[in-house]
Amino acid sequence: MLRAINRERYRVIPVGLTREGVFVLEDDDPDKFALDAEHLPDVVDNGTRVIWPEPGAERTLRVRRADGSIDDLGTVDVVLPILHGPHGEDGTIQGFFDTLELPYAGGGVLDSALCMDKHFMKIVLQASGIAVAPWVTVTAAQWAADPDRVRAQVAELGYPAFVKPARAGSSVGVSKAHVEAELAGALEVAFAEDAKVLVETTIVGREIEVAILEGRGGARARASLPGEIVLTTREFYDFEGKYLGGDGADVVCPADLSPELIAAIQDLGVRSFEAVEGKGLARVDFFLTEDGLCVNELNTMPGFTPISMFPKCWIASGMTYADLISELVDTALERAA
């Protein structure tokens, strides 16, 4: 996004968030954050501290340098919270910006929190009449207290089954239990990321995804052309496939679908977005089976790398990467007006 954003229109102030939760002033250098399988980018504590504006005051962003001096960085018009996982995609950073009265792009507190927790996301979609993959929710306490009951519940779902943290994202901690003997190990991997885990039945079908953008001027949200994840040697679309371009998973956009199926997928994507009171953007993931469509999940801050489905879908639908970023910013400003 640093590389693609329209520099003639925007002045970018890159703020990094360290693993310890410290906001630092980062380098405006796209190459520093390029995704490389050999060396994943990381934000380190460089001694700076970003000072956010106070509520009700001017939106002036400041930085305290390592030597203690304080500089003004400029007035903030809008924040692009390009963050995945806990504290970035679960409504907490959104609530922080709401408290500071800073406009920001993307989902709000409610839709971010709902979609980050796959358990409650499924409940909300089901209540709206939208089909989801059958699942069992297991907590670490339940597994410790009564593993036999958990095994029985999963056996009723059937194997193979996917085991995933309820609130992690990016396929972190996800594994596939082919038989009951693999369930304990899969739960251990997932519990390392979250004390609440979903076990889902394996759905046989095509993996279809559609990108959603919030409507402008009171209009309904709109959907892109759908894309498809085509697995060749991978069992599922994991972190490496999503972000590092690993072999075994191809992102195809637009997907080879009939006009009728495209319309149905776009409609269900918008309905899912509306069911969670979506704002800004989302990527809606489906399984297309012999029995029809079911929603796997919604991502309120989907991947934005050059190989990610969200930008690919909108580029296939006629937008440029830079225009897509501008659309997010303009929507955020319109919402805050």
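One can find the structure itself at the top, above this paragraph.
These numbers were taken from a predicted model, which means no experiment stands behind them. (Residues numbered from 1 in each chain as written. Predicted model: local features only at pLDDT ≥ 70, side-chain atom pairs only at ≥ 80, totals over all residues. Heavy atoms only, no water.)

Undergrad: Sorry if this is basic, but what is going on with the overall build of the protein here?
TA: When you go through the protein residue by residue, the secondary structure sums to ten helices and 15 strands. Computed over its C-alpha atoms, the radius of gyration of the protein comes to 21 Å, within 12% of the 20 Å expected for a compact globule of 337 residues. Residue burial in the protein is summarised as follows: out of 337 residues, 47% are buried. For the protein, contacts bridging at least 24 residues in sequence account for 60% of all contacts bridging at least 6. (Helix = DSSP H or I, 4+ residues; strand = E, 2+ residues; numbered from the N terminus. Rg over C-alpha atoms; globule rule 2.2 N^0.38 Å. Buried < 20%, exposed > 50% of the residue type's maximum accessible area, 1.4 Å probe, protein only. Contact = heavy atoms within 4.5 Å.)

Undergrad: How should I be thinking about the pattern of salt bridges in this particular structure?
TA: When their charged atoms lie close together, side chains carrying opposite charge are able to pair. This model, assessed by the stated rule, comprises 23 salt bridges. Linking D45 and R49 is a salt bridge whose minimum nitrogen-to-oxygen distance equals 2.9 Å. Here R49 falls in the partly exposed class, since its relative accessible area comes to 26%. The partner of E214 in a salt bridge is R335, and the shortest N-O contact between them spans 2.9 Å. You can see E214 sitting in the loop between strand 10 (206–213) and strand 11 (222–223) and its partner R335 sitting in helix 10 (residues 321–336), a full 121 residues away along the chain. Judged by its relative accessible area of 18%, E214 falls in the buried class. The class for R335 is partly exposed, based on a relative accessible area of 31%. Each of the salt bridges in this network shares a partner with another, and the network as a whole consists of D117, R167, D194 and K196. (Salt bridge = Lys/Arg side-chain N within 4 Å of Asp/Glu carboxyl O.)

Undergrad: I tried to follow unusual backbone geometry on my own but got confused; where do I start?
TA: In most cases, non-glycine residues show a negative phi, while peptide bonds are predominantly trans. Omega for the peptide link from Y159 to P160 comes to -5°, which places this bond in the cis form. Position of P160 among the secondary structure elements: in the loop between helix 5 (147–157) and strand 7 (161–165). P254 follows C253 through a cis peptide bond whose omega is 5°. Relative to the helices and strands, P254 is located in the loop between strand 13 (249–252) and helix 8 (259–275). For E101, which is not glycine, the phi torsion reads 60° and is therefore positive. Of note, E101 is situated in the loop between helix 1 (92–100) and helix 2 (109–116). Backbone geometry places E277, a non-glycine residue, at a positive phi of 55°. When you line up the elements, E277 lands in the loop between helix 8 and strand 14 (281–289).

Undergrad: Teacher, can you tell me more about the nonpolar core here?
TA: Where a protein is soluble and globular, its nonpolar side chains tend to be buried together. Judged by nonpolar contacts, the single largest core of 29 residues is most densely connected at L125, I212, F286, V295 and L298. Sorting the residues of this core by element identifies helix 2, helix 3 (118–127), strand 10, helix 8, strand 14 and strand 15 (292–299) as the ones contributing at least two each. The biggest single contributor to this core is helix 8, with six residues. In contact with V295, other than residues within four places in its own chain, are L125, I130, A131, V132, A133, L268, S272, V284, D285 and F286. Among the nonpolar cores identified, the runner-up in size contains 20 residues, and L213, L281, Y321 and I325 belong to it. (Core = buried A, V, L, I, M, F, W, Y, C linked by side-chain atoms within 4.5 Å.)

Undergrad: What exactly am I supposed to notice about the environment of L17 here?
TA: Mapped onto the secondary structure, L17 falls in strand 1 (residues 15–17). Note: C-alpha distance between L17 and A249 (232 residues apart in sequence) is 30 Å. Not counting residues within four places of it along the chain, the set of residues in contact with L17 comprises V22, F23, V43 and L83.

Undergrad: In this structure, what is going on with the environment of N6? I would like to understand it.
TA: Assignment of secondary structure puts N6 in the segment before strand 1. Between the C-alpha atom of N6 and that of A264, which follows or precedes it by 258 residues, the distance is 34 Å.

Undergrad: Explanation requested: the sheet that holds strand 8 (residues 175–177) in the structure shown.
TA: Whenever strands of a sheet pair, they do so through backbone hydrogen bonds, lying parallel or antiparallel. Spatial strand order, 6-9-7-8: four strands in an open sheet with antiparallel pairing. Two strands lie at the open edges of the sheet, namely strand 6 (135–139) and strand 8, each paired on one side alone. Adjacent strand axes in the sheet meet at a mean angle of 25°, parallel and antiparallel pairs treated alike. Looking at chain direction, strand 7 and strand 9 (residues 196–201) are connected through five bridges and run antiparallel. Paired with K164 across the bridge in strand 9 is L198. The sheet contacts of helix 3 involve strand 6, strand 7 and strand 9, and relative to strand 9 the element is tilted by about 55°. Together, strand 6, strand 7, strand 8 and strand 9 form the strand contacts of helix 6 (residues 183–191), whose direction differs from that of strand 7 by roughly 25°. (Pairing = 2+ DSSP bridges. Axes fitted to C-alpha atoms, helices over the stretch in contact; angles between N-to-C directions.)

Undergrad: I'm lost on the sheet that holds strand 4 (residues 60–64) in this one. Help?
TA: With antiparallel pairing, three strands are arranged side by side in an open sheet as 3-4-5. Because the sheet does not close on itself, it has two edges, and the strands there are strand 3 (49–51) and strand 5 (70–75). Neighbouring strand axes in the sheet, compared pairwise and without regard to direction, differ in orientation by 25° on average. As paired elements, strand 3 and strand 4 share three bridges and run antiparallel to each other. Paired with R49 across the strands is R64, a residue of strand 4.

Undergrad: What is the right way to look at the packing of aromatic side chains in this model?
TA: Any two aromatic rings considered together are summarised by their centre-to-centre distance and by the angle between their planes. One pass over the structure, following the stated rule, counts eight aromatic pairs. Summarising the aromatic geometry, the rings of F23 and F96 are spaced 5.9 Å apart at their centres and angled 10° between planes, so their arrangement reads as stacked. Of this pair, F23 sits in strand 2 (residues 23–25) while F96 sits in helix 1; the two residues are 73 residues apart in sequence, bridging distant segments of the chain. The class for F96 is partly exposed, based on a relative accessible area of 28%. Between F304 and F310, the aromatic rings sit 5.4 Å apart at their centres with planes inclined by 50°, giving tilted as the arrangement. Both residues of the pair, F304 and F310, belong to the buried class. One aromatic cluster is present, formed by F23, W52, F96, F97 and Y104 through successive ring pairs. (Phe/Tyr/Trp six-rings, centres within 6.5 Å; stacked < 30°, edge-to-face > 60°.)

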